[in-house]
Structure formats: C-alpha cells, structure tokens
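# Architecture at a glance
Letter by letter, the chains look like this.
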Amino acid sequence: MKIKLSWIPFIPVAVLSVVLRVYQLLFVENGVDTGFLSSGMMWVVYTCMVAVLFFVLLLMCMADKKTPCKYRPKTNLLAGLFGLMAAGCIIFNEGMVLGEILSPGVTGGINITVSSFVDVLFGTLGGIAILVMAVSSFSGRNFARSMGVFSVSAPLWCCIKLVTTFISYTKQSIHAFDMTDLFYMAFLTLAVFNAAIIYQGIECKNPVKGLFLYGMPGIVVVTVYAVADAINQMEKNGSYDIMGSLDTISFLLIGMYVLFMMIEITLNVREDAETETRPVSLIQTDDVLVDEVAQADSVKSGNSHIDITDVEEEVNKDLDGVDNVLDAIQYDEENPEKYAPTSEKYFERKDVKSDLDDLEDLDNDEELSKSMKDIDDIISWIEEDSNK
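Scoring rules and cut-offs
- Residues numbered from 1 in each chain as written.
- Predicted model: local features only at pLDDT ≥ 70, side-chain atom pairs only at ≥ 80, totals over all residues.
- Heavy atoms only, no water.
- Axes fitted to C-alpha atoms, helices over the stretch in contact; angles between N-to-C directions.
- Helix = DSSP H or I, 4+ residues; strand = E, 2+ residues; numbered from the N terminus.
- Parallel < 35°, antiparallel > 145°, perpendicular 65-115°, else oblique.
- Left-handed = near helix turned anticlockwise from the far one by under 90°.
- Contact = heavy atoms within 4.5 Å.
- Nonpolar A, V, L, I, M, F, W, Y, C, P; charged D, E, K, R; others polar.
- Core = buried A, V, L, I, M, F, W, Y, C linked by side-chain atoms within 4.5 Å.
- Buried < 20%, exposed > 50% of the residue type's maximum accessible area, 1.4 Å probe, protein only.
- 1 Å grid on protein atoms, 1.4 Å probe; cavity = no way out; pocket = protein on both sides within 12 Å on 5 of 7 lines; lining within 4 Å.
- Points joined across faces, edges and corners; volume = space filled by probe spheres on them.
- Expected span 1.5 Å × (residues − 1).
- Salt bridge = Lys/Arg side-chain N within 4 Å of Asp/Glu carboxyl O.

Attention now goes to the packing of helix α1 (residues 7-28) against helix α7 (residues 207-237). Two elements in contact, α1 and α7, have axes whose closest approach is 10 Å; the angle formed by their N-to-C orientations is 20°. Viewed along their axes, α1 and α7 adopt a mutual orientation that is roughly parallel. Seen along the crossing, α1 lies across α7 with a hand that is right-handed. Here Trp 7, Phe 10, Val 13, Ala 14, Ser 17, Val 18, Arg 21, Val 22, Leu 25 and Leu 26 of α1 lie close against α7, whose contacting residues are Phe 212, Met 216, Ile 219, Val 220, Thr 223, Val 224, Val 227, Ala 228, Ile 231, Asn 232 and Glu 235. Split by residue class, the contact of α1 with α7 holds 16 nonpolar, 3 polar and 2 charged.

As structure tokens, then:
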C-alpha cells in the first residue's frame, strides 16, 4: 500500500522545517548569520517544502488503490494520552473564556458576544468528542461510534477557531503576526474530521487516506509554529506564557494525537484489509461443505476448465439414448405377435432384432419349427373365429 510510503517524505520535511525555522529565528533575524539565506528566502523554502509534501501525498493517495476505506481502531496508549491532554486543554481553555464572559466588566454587566458564545459552546462539545475518541484509543473499544452526529463537533470547533482567528487577523496588520496558524488549523480540521469518520465507520471516500493527506502537513506546520512561538516569547518576555498559548498547545496536542493514530494505522492497516476484503462463508449442501473462496480461487486459477471433448461425449451419450428409444419403438411396431395371421404382412414379417443379430445363423430345423408354429397360429385363429 502506497500510503505507507508517505512517511518517507514526511519525516525529512518535518525535521528540516523545524531546523530551518529555528535557525531563522535564532541566527538570521538576530543578525548572527546573514551569509546563508535571507529571512524572506527561508520563508519561501519552508513554504515550498510543505507544498511539495502535500502534493506528493496527494499523488500517493490517488495512486493507492489497496488501502481500505474502513479501519477498526485498536489500543493505542500514546494516541489516547495526547487525546486526553488535548481534550483537557480545550475544555479548560473554554472554561477560562466562559469565566471571563460571566465576570462583571467595567460597567458591571456581563461581557458576552455571539462569537465568544459559539466558541465556548462548540469548544466544550468538541473537547468532549475528542475525550471519547481518546478513551476509545486507551481501551481498544470504539466508544466513539455511539456518538453519532455528535462526533463532528470536534472538527466543527476547529473550523470555528479558524474563522474567528482569520477575522481577528483582518483587523490588524498582516506583518504583525505569524499567520501560518491558519494553515495548520485548516489541515488539522480536515484531519480530525477524517478521524471522526474512521471511528464512526461511515462508508465514504477513503477517510484513512484523508487522515494522512491532511494530518501530515498539519503536524509539520503546527510543530513549526509552536516552536517558533515559544522562541519568540522567550526572547521578548524571558518566559513562556502557557495560559495565553492554550489555543496553540491544544492544536499541537491534537497534531500529536493524529500522528500516533497514523502510526497505529500504518502498523495494522494490512491486517484489517485482508480480513475485510476476504470474507469466507461456507454453504452446506447434501452434507458437503463448499468453500466459496476456494471455488473463486479455483475459477481464477483455471482449475474449473471444461474441455470441448467432454461436452461432445456427453452429447453423444444423450444421442445414443435417443437412438435406443427409437429402435425400441420401431421394434414394438414391427412385433410379429401384433399382426393378424391372415394378413400378408404376417407372412412377410421380419424379426428386427433377429435380422440384425442372428439372421444368417438360422439353420433348416429352426425354419421348419417356425413354419409349424405359423400353421398352429392359423388353426387357432380359425377356431376362435368360428366360435364367435
């Protein structure tokens, strides 16, 4: 399965992107090294690497015809751990936002807006959905399948976060912020959506390949963004503001959850493909068990080939049977016992079977005895006629 080869471009792109971005922040932008590449050129190289990664993954997904559309999640402790941490971080962050909304402002009233209410509502629901998926990874039992439509609340929260972040950026200068967080939000929104479909077992266009296609670029971008954000905060403030970076940390944890889920699928997808695409059913007919899979294999391998000569033999046997029936009818019609003794045909009769087999072997004694029998038959017929 070609989707497993996606790790080959993903690993070097992820490592080089982080190294390039860290080198840019620590050396290039601080003026320590200006002879390698300019800061703008490093942005171009970083963007091109992510774009090439996505394009290569897209080609692999299009060429891959063997990866199954469904996957049964198994026990995955690391994925469950990062899922629990992501759910806890999201719910805790939304609780803080709710506390700020309900706290009295300068005027003494509640400071609530539509965007903040929607963010808190879907953030809480999304955190619960991710929590259920994480528990499923811990236990190996698919509890998330019972959520139904509720499972889409997690990607829906990611989408709402993407929209609200984009709106906030439109109100400020585009050079004031690193806007690559919009890209990892978009990628991880689609990755979480495909993960939810996998847990639900819905038949649609391959969600397993979709998880790899959107999850890998999302992991690269969110990791680079989180590392760059931490370096910037350490340089400006001398410390890292965890409470103010809960959104970034939440998406980073979601990326790690998707990462370990992809590792699990890579290790187990072949086993699931074989069990789902090769069902074995036994049919019992006249105390004989017939394996349908064995029959299909024998047909494909040519074991059930029928020779033309076999057909001709069967047809010849049937024709021989018809000939025997016709001979019997003809013999029955020409049976001498059914002729009237006074008829000309009676004296000219022929025994069909005798003519075919033993006509040349009859001797004079047999002819004489046959003639005497004919005379006796005539006499007996005359007597019966006279009595009538």
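Now that the structure has been shown, we can carry on.
Right, let's talk about the nonpolar core for a bit. In summary, soluble globular proteins display a tendency toward joint burial of nonpolar side chains. Residues Phe 10, Leu 211, Ile 254, Met 262 and Ile 265 are the most contacted members of the largest nonpolar core, which totals 63 residues. Of all the secondary structure elements, the ones that give two or more residues to this core are α1, α2 (39-63), α3 (77-102), α4 (114-139), α5 (153-170), α6 (181-200), α7 and α8 (246-277). Looking at this core element by element, the count peaks at 13 residues for α8. Setting aside chain neighbours within four positions, we find Met 262 in contact with Trp 7, Leu 211, Phe 212, Gly 215, Met 216 and Ile 219.

Structurally, Ser 245 can be placed in the loop between α7 and α8. With sequence-adjacent residues up to four places away left out, Ser 245 is seen in contact with Asp 229, Gln 233 and Tyr 240.

One pass over the full model with this rule turns up 1 cavity of 30 Å³ or more. If you add up the space inside the largest cavity, you get close to 30 Å³. Residue lining of the largest cavity: Ile 3, Lys 4, Thr 67, Val 208, Phe 212, Ile 265, Thr 266 and Val 269, and that is the complete set. If you list the elements that add at least two residues to the lining of the largest cavity, you get α7 and α8. A total of 3 residues in the lining of the largest cavity trace back to one element, the largest contributor, which is α8. By residue class, the composition of the lining of the largest cavity is 5 nonpolar, 2 polar and 1 charged.

A separate point is α5. Taking 1.5 Å of rise per residue, the 18 residues of α5 would be expected to cover 26 Å, and the 26 Å separating its terminal C-alpha atoms lies within 8% of that figure. Taken together, the buried positions of α5 are occupied by Ser 153, Ala 154, Pro 155, Trp 157, Cys 158, Ile 160, Lys 161, Thr 165 and Tyr 169.

Taken as a whole and assessed by the stated rule, the structure comprises 2 salt bridges. As a salt-bridge pair, Lys 161 and Asp 119 come within 3.1 Å of each other at their nearest N and O atoms. Highlighted residues: Lys 161 in helix α5 and Asp 119 in helix α4, separated in sequence by 42 residues. Of the two residues examined, Lys 161 and Asp 119, each falls in the buried class. We note a salt bridge from Asp 247 to Lys 161, for which the minimum N-O separation is 3.4 Å. Remark: Lys 161 occurs in helix α5 and Asp 247 occurs in helix α8; sequence separation between them is 86 residues. By relative accessible area, Lys 161 is classed as buried at 7%.

In this section: the side chain of Ser 153. Position of Ser 153 relative to the elements: it lies in helix α5. For Ser 153, the contacting residues outside a window of four places in its chain are Phe 122, Leu 125, Gly 126 and Ala 129.

Spatial relationships are all this shows, so hold off on functional conclusions.
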